[in-house]
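Analysis of the macromolecular model
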Amino acid sequence: MMRMVDVIDHKRNGGTLTAEEIQFFVGGVTDGSIPDYQTSALLMAVYFNGMTDSEQAELAMQMLKSGDQLDLSDIPGIKVDKHSTGGVGDKTSIPLAPMIAALGIPIPMISGRGLGHTGGTLDKLEAIPGFNVELTESQFKHQVKAIKVAIVGATGNIAPADKKIYALRDVTDTVDSIPLIAGSIMSKKIASGTDALVLDVKTGSGAFMKSEADAKALATALVSIGQNVGLQCMAVISDMNQPLGNMIGNALEIQESIDILKGHGPADITDLVLTIGSQMVVLAKQAADLDEARGRLQAVIDDGSALAVFRQMIEAQGGDGQVVSDPTRLPQARYKIELPAKTAGVVAKITADELGIASLLLGGGRQTKDDELDYAVGLELHKKVGDPVAAGDSLLTIHSNREAVDDIKQLLYDNIEIADDAQPLTLIHEIIN
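Nothing here was measured: the structure is a model prediction, and the numbers come from that model.

Below, the discussion takes up the overall build of the protein chain. Each helix and strand in the protein chain was counted, giving 16 helices and 13 strands. The dimensions of the protein chain, computed from C-alpha atoms along their principal axes, are 70 × 45 × 40 Å. In the protein chain, which comprises 433 residues, the proportion classed as buried is 56%. Counted over contacts in the protein chain with a minimum sequence separation of 6, partners at least 24 positions apart contribute 78%. Accessible surface, the protein chain: about 17100 Å² in total, of which carbon and sulfur atoms supply 49%.

Each pair of packed helices gets described by two things: the angle between the helix axes and the distance between those axes. Where helix α8 (residues 160-172) contacts helix α9 (residues 178-191), the two axes come as close as 11 Å, and the packing angle between them is 150°. Comparing their axes, α9 and α8 come out roughly antiparallel. For the crossing formed where α8 meets α9, the hand is left-handed. Here Asp 162, Tyr 166 and Arg 169 of α8 come into contact with α9, specifically with Leu 180, Ile 181, Ser 184, Ser 187 and Lys 188. The residue inventory of the contact of α8 with α9, partitioned by class, reads three nonpolar, two polar and three charged.

Using the criterion set out here, one finds 20 salt bridges in the structure. Notably, a salt bridge pairs Glu 256 with Lys 91, separated by 2.5 Å at the nearest N-O pair. Of this pair, Glu 256 sits in helix α11 (residues 250-261) while Lys 91 sits in the loop between β1 (80-84) and α5 (93-102); the two residues are 165 residues apart in sequence, bridging distant segments of the chain. Judged by relative accessible area, which is 2%, Glu 256 ranks as buried. As a salt-bridge pair, Arg 402 and Asp 407 come within 3.1 Å of each other at their nearest N and O atoms. Through salt bridges with shared partners, a single network forms among Lys 91, Lys 124, Glu 253 and Glu 256.

The next thing to look at is α8. With 13 residues, α8 extends 19 Å from end C-alpha to end C-alpha; this agrees with the ideal 18 Å at 1.5 Å per step. The set of residues buried in α8 consists of Pro 160, Ala 161, Asp 162, Ile 165, Leu 168, Arg 169 and Thr 172. In this fold, the buried residues of α8 make contact with α2 (19-31), α3 (36-49), α4 (53-65) and α9. Positive phi shows up at Asp 173, right after α8, with a value of about 60°.

All right, on to the sheet that holds strand β6 (residues 247-248) then. The sheet built from four strands is open, its strands ordered β6-β9-β11-β7 with antiparallel pairing. With one partner strand each, in any of the chains shown, β6 and β7 (335-340) form the two edges of the open sheet. Those strands touched by helix α16 (residues 406-414) are β7, β9 (378-381) and β11 (394-400), and its axis lies near 35° from that of β7.

Between α3 and α8, whose axes approach to 10 Å, the crossing angle comes to 70°. When the axes of α3 and α8 are compared, the pair comes out roughly perpendicular. Helix-helix and strand crossings are classified by hand; for α3 and α8 the assignment is right-handed. Where α3 approaches α8, its residues Asp 36, Thr 39, Ser 40, Leu 43 and Met 44 are matched on the opposing element by Ile 165, Leu 168, Arg 169 and Thr 172. When grouped by side-chain class, the residues that make up the contact of α3 with α8 number four nonpolar, three polar and two charged.

With that out of the way, let us pick up the sheet that holds strand β8 (residues 345-350). The three strands are arranged β10-β8-β12 in an open sheet whose pairing can be described as antiparallel. A single partner strand is all that each edge strand has here, and the edge strands are β10 (388-389) and β12 (416-419). Pairing geometry for β8 and β12, over four bridges, is antiparallel. Bridge pairing in β12 links Val 347 to Ile 418.

Our next topic: the environment of Lys 336. By the secondary structure assignment, Lys 336 is in strand β7. Residues Lys 336 and Ile 181, 155 residues apart in the sequence, show an inter-C-alpha distance of 38 Å.

Time to look at the domain arrangement of the protein chain. Looking at the assigned domains, one finds that the protein chain contains domain 1 (4-50), domain 2 (80-324) and domain 3 (331-419). Taking the mean C-alpha position of each, domain 1 and domain 3 sit 44 Å from one another.

With that settled, consider the packing of aromatic side chains. The final tally for this structure, using the stated rule, is one aromatic pair. Ring geometry for Tyr 47 and Phe 48: centres 5.2 Å apart, planes at 90°, overall edge-to-face. A cation sits over an aromatic face here: Lys 342 above Tyr 413, 4.1 Å from the ring centre.

Let's shift gears to the nonpolar core. The biggest cluster of nonpolar side chains holds 80 residues, and the ones touching the most others in it are Phe 310 and Leu 379. Ranked by the residues each element gives to this core, the list is headed by helix α12 (residues 267-283), at eight residues. Residue contributions to this core reach at least three from each of two domains, namely domain 2 (80-324) and domain 3 (331-419). The residues touching Phe 310, leaving out its near neighbours within four places in the chain, are Ile 94, Pro 98, Leu 125, Ile 128, Ile 258, Leu 261 and Val 324. Membership of the second largest hydrophobic core comes to 36 residues, among which are Leu 70, Leu 199, Ala 215 and Ala 235.

Scoring rules and cut-offs
- Residue indices follow the written sequence of each chain, beginning from 1 at its first position.
- The model is predicted, so local features are restricted to residues of pLDDT at least 70 and side-chain atom pairs to those at 80 or more, both for listing and for counting; the totals for chains, interfaces and linings are taken over all residues.
- The side-chain values count all of the structure's non-hydrogen atoms but skip hydrogen atoms and water molecules.
- Secondary structure elements are taken from DSSP: a helix is a run of H or I of four residues or more, a strand is a run of E of two residues or more, and numbering for both begins at the N terminus.
- Burial status follows relative accessibility: with a 1.4 Å probe on protein chains alone, a residue under 20% of its type maximum counts as buried, one over 50% as exposed, and anything between as partly exposed.
- Whether two residues touch is decided by their heavy atoms; if any such pair falls within 4.5 Å, the residues are in contact.
- Throughout, the Shrake-Rupley method with a 1.4 Å probe supplies accessible areas, and for residues the shown protein chains are the sole cover considered.
- Helix axes are fitted only over the stretch in contact, all axes being lines through C-alpha atoms; the angle between N-to-C directions runs from 0 to 180 degrees.
- Note on angle classes: values under 35 degrees are labelled roughly parallel, values over 145 roughly antiparallel, values of 65 to 115 roughly perpendicular, and the remainder oblique.
- Two helices crossing with the near one rotated counterclockwise from the far one by less than a right angle form a left-handed crossing, whereas a clockwise rotation gives a right-handed crossing.
- Charged means Asp, Glu, Lys or Arg here, nonpolar means Ala, Val, Leu, Ile, Met, Phe, Trp, Tyr, Cys or Pro, and polar covers whatever is left, Gly included.
- A carboxyl oxygen of Asp or Glu within 4 Å of a side-chain nitrogen of Lys or Arg is what we treat as a salt bridge.
- Here a helix's expected span is defined as the number of its residues, less one, multiplied by 1.5 Å.
- One bridge is not enough; two strands pair if DSSP finds at least two bridges between them.
- Domain boundaries shown here were taken from an automatic or database domain assignment.
- Here is the rule: rings of Phe, Tyr and Trp (six-membered ring for Trp) pair when centre to centre is within 6.5 Å. Planes less than 30 degrees apart are stacked, more than 60 are edge-to-face, and the remainder are tilted.
- Two limits define a charge over a ring: the Lys NZ or Arg CZ must be within 6 Å of the ring centre, and within 35 degrees of the ring normal.
- To qualify as a nonpolar core, a set must consist of buried Ala, Val, Leu, Ile, Met, Phe, Trp, Tyr and Cys residues joined through side-chain atoms within 4.5 Å.

The following block contains the structure:
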């Protein structure tokens, strides 16, 4: 009979776990027969010794098999999805999903909530009055069939082993183990039933992967797992050394998503949406190459059809579709407070994660999973890295429901650097196929 202590010993001593050992481990975590202290011991052994491609794929598949899997086979067409590892101001999914759907490509998207300095897609959508992210599986599938798109929270009991393992990773300081991150992400994405997946792996100060080498390792691991189980899969490594777009905060990011769909969003977030979207369109076999795909996506912005699909999705999920034409129907903060530049020069650095924390401290994010959100608050950037600044220019506007924000101002001044010149940032670092 297999013993957990032997599985721990095998990995602790640098061995490659067999499929049977991984199956035994995940099964024991799921049914509770393996105690937390032994699970924690294996997680630490994985943290220090890593996993091979085959181990990572097997771990993801066993975590997937620990719970429900969505069967989307009755939805016609190649179903595509995207996943981001999270960042500050990253509202990419919100304009991207209706753009893909406007091309007739089904996009059944299961998204998450924010925790810490990164925002969550579901939280942003819930800033729209009435918007419901908790659809049943049948409602979810019906909506994707009808209008090609739905964005919801996880339905059913997806990857319960991952939930247990993640809780222990959090308290054993093994959260940033690349094999464990990859297994966690891919078990849920494969279980969601899509045919093709584009991964947006962030790197930089506002990302979980601070170094480009770590981001590349994670992207490679994610793509390898996907391809090992027959999923069409590729990854974009993108920059998170400054916030993405100009808005940070739930309602503010919905407003910016509407701007993108109207064709006048900020250049960086628009470029990222079109880059990721082009990959999705090619994987869905709706364009021969990336240039054609990008042109098709730009066309559904220009003719208004992507914006119309966004309104359809909002109304299908119980939300106020009029926010599309009148964003003032979104929650509005009581105070708008400017942050003036103290000196002249060029913006040389904006520490993305600290600006995310500033939004959190205003009430726009969670420090624990049970925190209530203030959807109206956040930051509106007027200057980005490389922009010239005169003394007294507004660097950003603080959207707040409290008048006293000296603590927020100090945090922001500490994390926006003005110098004589600045190194330009590259938005797209690498593509991993």
